Amino acid sequence: MKARGLAALTPKAALTPYEFERRELGAHDVALDIAYAGICHSDIHQVREEWGPAIFPMVPGHEIAGKVSAIGSAVTKFKVGDPIGVGVFIDSCRKCASCLAGLQQYCEEGMTGTYNTMERDGKTVALGGYSNLFVINEDYAVHIPSNLSLDGVAPLLCAGITLYSPLRKWNTGAGSKVAVMGLGGLGHMGVKFAVAMGAEVTVLSHSPSKKADALAMGAKHFIDTSVPGALKPLYKSFDLVLNTVSAFLDINEYLDLLKLDATLVVIGLPGKPYEVYAGSLLNGRRRIAGSMIGGIPEMQEMLDFCGKHSILSDIEVIDASYADKAYERTIASDVKYRFVIDASTF
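Residues numbered from 1 in each chain as written. Predicted model: local features only at pLDDT ≥ 70, side-chain atom pairs only at ≥ 80, totals over all residues. Heavy atoms only, no water.

(A) Broad picture of the side chain of Glu 138. Note that Glu 138 resides in the loop between strand S8 (133-137) and strand S9 (142-143). No salt bridge is formed by the buried Glu 138, whose closest oppositely charged neighbour, Lys 77, lies at an N-O distance of 6.8 Å. Excluding residues within four positions of it along the chain, Glu 138 makes contact with His 28, Asp 29, Val 30, Ala 74, Val 75, Thr 76, Lys 77 and Phe 78. (Helix = DSSP H or I, 4+ residues; strand = E, 2+ residues; numbered from the N terminus. Buried < 20%, exposed > 50% of the residue type's maximum accessible area, 1.4 Å probe, protein only. Lys, Arg positive; Asp, Glu negative; His and termini not counted. Salt bridge = Lys/Arg side-chain N within 4 Å of Asp/Glu carboxyl O. Contact = heavy atoms within 4.5 Å.)

If you want it as structure tokens, here you go:
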């Protein structure tokens, strides 16, 4: 199937128009016409080989929303015309304990990423969602509720599930007190989800200009962390702290915000290891945990939750020709709060 999109032909290269082929439709495959593809900061890291050696030419993109255009002979999950989403992975081993539990993101053999990886056959390079069409096994795609606009849905397939999963894992609900560190592409989804789950939400941000946005999303409190001593009044205040910040920081200051038996979940990826003082953990049986995206069942649960509560990502829709500029603005945190490429412009 002939496709067109954007690719980085070499490491750190600009994104350029690129024509390539998708595989033929297998019995259990669905083909989709992509409507929108979200830009994730991880796309930038991988195009620029900031996470190690990568595969080029690279077609990035793992926040994919579109409509089914064709189905294989054995497909039962989708029909032509269905709104469909594809996220960070397109396959896994299907037989390990994690896969059997619907936690494919933690596949013991390693999930197959949507791009910059080899598919399970060991010879096909996975090419991502900055494209006009896609082919995927039906088991690794999700239904998008019909009441949600596809442009605002695209970032839910990565940024959305990345925040939904820890909120569900740590049983966020009415009466929960949740702090969200950072109000960016990830953080703003954490605020929206936690509010919809009934939590009292506090945003911790060094950007005071984002206060109005945080409160408009339902946060009850906004703390400007650039102010010296701003965190001290919050000592032992929260059941859950979600760290969406990728920059290095003193994690112990934030551990002190946890109540007894509470958890700080690391979601952002800092450039170097945190320095954790044992006393910060011992004082209150506190925990540091990590969380990475979500499995297919939880992705579907998240989208159904979004449909019920009319939750979408805050986005800026762009043409494909603007992608490189969008990368620079993403690095500069100059977007509220996620760029989405209109796939009709590929």
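(B) Here's a closer look at the environment of Val 203. Inspection of the secondary structure assignment puts Val 203 in strand S11 (residues 200-205). Spatially, the C-alpha atom of Val 203 lies 8.3 Å from that of Lys 220, the residues being 17 residues apart in sequence.

(C) Structural detail: the pairing of strand S4 (residues 64-71). Where strand S3 (residues 29-38) lies against S4, seven bridges are found, and the strand directions are antiparallel. Bridging from a neighbouring strand, Leu 32 pairs with Val 68 of S4. For S4 and strand S5 (residues 83-86), the ladder comprises four bridges, and the chain directions are antiparallel. By the bridge assignment, Ala 65 is partnered in S5 with Gly 85. (Pairing = 2+ DSSP bridges.)

(D) Structural view of unusual backbone geometry. With an omega of 0°, the peptide bond between Phe 56 and Pro 57 qualifies as cis. Position of Pro 57 among the secondary structure elements: in the loop between helix H1 (41-47) and S4. Put simply, Lys 336 and Tyr 337 share a cis peptide bond, and its omega is -10°. Along the polypeptide, Tyr 337 turns up in the loop between helix H10 (323-331) and strand S17 (338-342).

(E) Just the environment of Gly 160, in detail. Along the chain, the position of Gly 160 falls in helix H4 (residues 159-169). Taking the C-alpha atoms as reference points, Gly 160 and Ala 247, 87 residues apart in sequence, are found 20 Å from one another.

(F) Inspection of the pattern of salt bridges at higher detail. Under the counting rule described, the total for this entry stands at 18 salt bridges. With a shortest N-O distance of 2.5 Å, Asp 314 and Lys 192 are connected by a salt bridge. Of this pair, Asp 314 sits in the loop between helix H9 (296-309) and strand S16 (315-318) while Lys 192 sits in helix H5 (residues 187-196); the two residues are 122 residues apart in sequence, bridging distant segments of the chain. For Asp 314, a relative accessible area of 27% gives the class partly exposed. Using a relative accessible area of 16% as the deciding quantity, one classes Lys 192 as buried. Note that Asp 256 is salt-bridged to Arg 286, the shortest N-O span being 3.4 Å. Of this pair, Asp 256 sits in the loop between helix H7 (251-255) and strand S14 (258-266) while Arg 286 sits in the loop between helix H8 (278-282) and strand S15 (287-290); the two residues are 30 residues apart in sequence, bridging distant segments of the chain. Members of the salt-bridge network, linked through shared partners, are Arg 23, Asp 29 and Glu 119.

(G) Up close: the layout of surface pockets. Roughly 210 Å³ of internal volume is contained in the second largest pocket. Considering the residues around the second largest pocket, the lining is formed by Thr 225, Val 227, Pro 228, Gly 229, Ala 230, Leu 231, Lys 232, Tyr 235, Glu 253, Tyr 254, Asp 256 and Leu 257. Here the residues of the lining of the second largest pocket sort into seven nonpolar, two polar and three charged. (1 Å grid on protein atoms, 1.4 Å probe; cavity = no way out; pocket = protein on both sides within 12 Å on 5 of 7 lines; lining within 4 Å. Points joined across faces, edges and corners; volume = space filled by probe spheres on them. Nonpolar A, V, L, I, M, F, W, Y, C, P; charged D, E, K, R; others polar.)

(H) Region of the structure containing the environment of Leu 167. Structurally, Leu 167 can be placed in helix H4. Overall, the relative accessible area of 0% leaves Leu 167 in the buried class. Leu 167 has contacts with Thr 172, Val 178, Gly 190, Phe 193, Ala 194, Met 197, Leu 240 and Leu 242, leaving out every residue within four places of it along the chain.

(I) Structural detail: the sheet that holds strand S13 (residues 238-243). Read from one edge to the other, the open sheet built from six strands follows the order S12-S11-S10-S13-S14-S15, with strand pairing classed as parallel. In the strand order of this sheet, the two ends are held by strand S12 (221-224) and S15, each with one partner. Across the sheet, the axes of successive neighbouring strands diverge by a mean angle of 20°, strand direction being ignored. In terms of strand pairing, S13 meets S14 through five bridges, oriented parallel. (Axes fitted to C-alpha atoms, helices over the stretch in contact; angles between N-to-C directions.)

(J) Local environment of H9. In a regular helix each residue adds 1.5 Å, so 14 residues correspond to 20 Å; H9 covers 20 Å between its end C-alpha atoms and thus fits that length. Ile 296, Glu 298, Met 299, Gln 300, Met 302, Leu 303, Phe 305, Cys 306 and Gly 307 are the residues of H9 that are buried. Those residues of H9 that are buried are in contact with strand S6 (89-91), S9, helix H3 (150-153), H4 and H5. Remark: Ser 310 follows H9 within two positions and exhibits a positive phi of approximately 55°. (Expected span 1.5 Å × (residues − 1).)

(K) Here's a closer look at the nonpolar core. One finds Tyr 130, Ile 136, Phe 193 and Leu 242 to be the most contacted residues of the largest nonpolar core, which totals 90 residues. In this view, Leu 242 contacts Leu 163, Pro 166, Leu 167, Val 178, Ala 179, Val 180, Met 181, Val 265 and Ile 267; residues no more than four positions away in its chain are not counted. Ranked by size, the runner-up nonpolar core spans 19 residues in total, among them Ile 223, Leu 234, Phe 238 and Val 241. (Core = buried A, V, L, I, M, F, W, Y, C linked by side-chain atoms within 4.5 Å.)

(L) Geometry of the packing of aromatic side chains. Under the counting rule described, the total for this entry stands at seven aromatic pairs. Directly above the ring of Phe 248 sits Lys 272, whose terminal nitrogen or CZ lies 4.4 Å from the centroid. (Phe/Tyr/Trp six-rings, centres within 6.5 Å; stacked < 30°, edge-to-face > 60°. Lys NZ or Arg CZ within 6 Å of the ring centre and 35° of its normal.)

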